[in-house]
Amino acid sequence: MPRLLFPLVALVALVWPASAATAVAPPPRPGAPTFNGGVYAIAHRGATTYVGGSFTTATAGGRVYPRERMAAFDSRTGQMLDWSPSADGVVRALAATPDSVYAAGDFHRVDGEARDSLARLHPTTGVVRSFQHTLSGTAYALATGNDRLYLAGSFTDVSGQKRSNLAAFSLTTGKLDARWRPAADDTVHALAVTGRRVYLGGGFHTVNAVKGTLRLAGVDGTSGVVEPAFRPRVPAEVRAISLDPAGVHVATAGVGGRAIAYNWIGTMRWQRVFDGDASAIATTGGITYVGGHFDSACLTERNGVKGGCVDGARGRFKLAAVTSKGQLTGWAPTANGVIGVRVLSVNHVAGTIEAGGDFTTINGQDRRRFAAF
């Protein structure tokens, strides 16, 4: 079992009886900003929440702020901060460290400076900092650990050096890591780090050509060697990963989405099936929160050819929560839209679950593309 490094600040989670048949629509926290375009990424540094996406304005306290695909606000008050670097393309991933915020996405310039898909920013001023690389493809995920910034996506080289959908950089020097270079044979959508272990999820068939690494694998955070004991069987493409002391949780796409929990050797602990893709997942306090573009949670693990629930369902509109035993809770805020929720994040300072995506209302209230619960 890997050594787990999780925040010591506890988030209090409300747990509903597993047999609760009545869905509860908890109100989103008032005061959180809204956005005029999709929110794809959320990161935290203390009380500051950073968001990235396709938006060009944010609205808070009745005022509209120009924000070109990146913004920051105080998660306790909802007050917009001055941090506002401007990217010329979608920001798909963010990662925060004590001295920097890293962004990845489809952009080529940030605040007018050439930055090909990757940028390092000052965490309070937003000034573009030294860290410049080129990417031959698309960046989808960032994570930090082991004095490294890990990058995942769909690409073949970084700064002219061959890399197969995965790369790492020194947080000290900013240089491309010559040692950490695991090779995934197709797109990597998600990353999660605990101690020396880095978990990868996506649409790949193998990592380092090792059998048993279909769609989900663990690798050493320094050497990139595949973890031999972790061999999960994942039925569909992984879109998001979360970790807790019990193991690895994933959100999958496919014909009907799934939230699946595995232990540290890859044995399935539980799964929940939905009638649409699950694209976001976050775990805290023994509860796993799931987001996507589903409208129902299936009562059994069976679904039909088009993803619909076969043996009955409960309404869960883009958001759901599951206990540590895999049972559906009554927590059921109602989000709208086709795409729905793209990202979920636990904010330990504010004591909230944050959701971003393409929804415009939660429980019928105006919550354009961002909500906190």
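Residues numbered from 1 in each chain as written. Predicted model: local features only at pLDDT ≥ 70, side-chain atom pairs only at ≥ 80, totals over all residues. Heavy atoms only, no water.

Caption draft 1: Representation of unusual backbone geometry in the model. A positive phi angle is found at Ser117, which is not glycine, with a value near 75°. Residue placement: Ser117 occurs in the loop between strand E10 (113-114) and strand E11 (118-121). Non-glycine residue Asn208 carries a positive phi angle of around 55°. Relative to the helices and strands, Asn208 is located in the loop between strand E17 (197-202) and strand E18 (216-220). (Helix = DSSP H or I, 4+ residues; strand = E, 2+ residues; numbered from the N terminus.)

Caption draft 2: Highlighting the side chain of Asn347. Mapped onto the elements, Asn347 comes out in strand E28 (residues 341-347). Overall, the relative accessible area of 1% leaves Asn347 in the buried class. (Buried < 20%, exposed > 50% of the residue type's maximum accessible area, 1.4 Å probe, protein only.)

Caption draft 3: Fine view of the sheet that holds E17. The antiparallel open sheet is built from 3 strands, whose spatial order is E16-E17-E18. Edge positions in the open sheet fall to strand E16 (188-194) and E18, since each of these has one partner strand only. Going across the sheet, the axis of each strand differs from the next one's by a mean of 25°, ignoring polarity. One ladder, built from 6 bridges, connects E16 with E17; its direction is antiparallel. Bridge pairing in E17 places Ala192 opposite Tyr199. (Pairing = 2+ DSSP bridges. Axes fitted to C-alpha atoms, helices over the stretch in contact; angles between N-to-C directions.)

Caption draft 4: Structural view of the pairing of strand E15 (residues 166-170). Along E15, 5 of the 5 residues are buried, which leaves the element largely enclosed by surrounding structure. Taking every second residue as pointing to the same face, both faces of E15 are buried, with Leu166, Ala168 and Ser170 on one and Ala167 and Phe169 on the other.

Caption draft 5: Local environment of the environment of Val127. Of note, Val127 is situated in the loop between E11 and strand E12 (135-145). For Val127, a relative accessible area of 48% translates into the label partly exposed. Along the backbone, Val127 and Trp83 are 44 residues apart, and their C-alpha atoms lie at a distance of 8.6 Å. Apart from the residues within four sequence positions on either side, Val127 is in contact with Arg120, Leu121 and His122. (Contact = heavy atoms within 4.5 Å.)

Caption draft 6: Main features of the sheet that holds strand E21 (residues 258-262). The strand order across the open sheet formed by 4 strands is E19-E20-E21-E22, and the pairing between neighbours is antiparallel. A strand with exactly one partner marks an edge of an open sheet, and here the two such strands are strand E19 (238-244) and strand E22 (268-273). Across the sheet, the mean angle separating the axes of adjacent strands is 15° when strand polarity is ignored. Looking at chain direction, E19 and strand E20 (residues 247-252) are connected through 6 bridges and run antiparallel. Within the sheet, the bridge partner assigned to Val238 lies in E20 and is Thr252.

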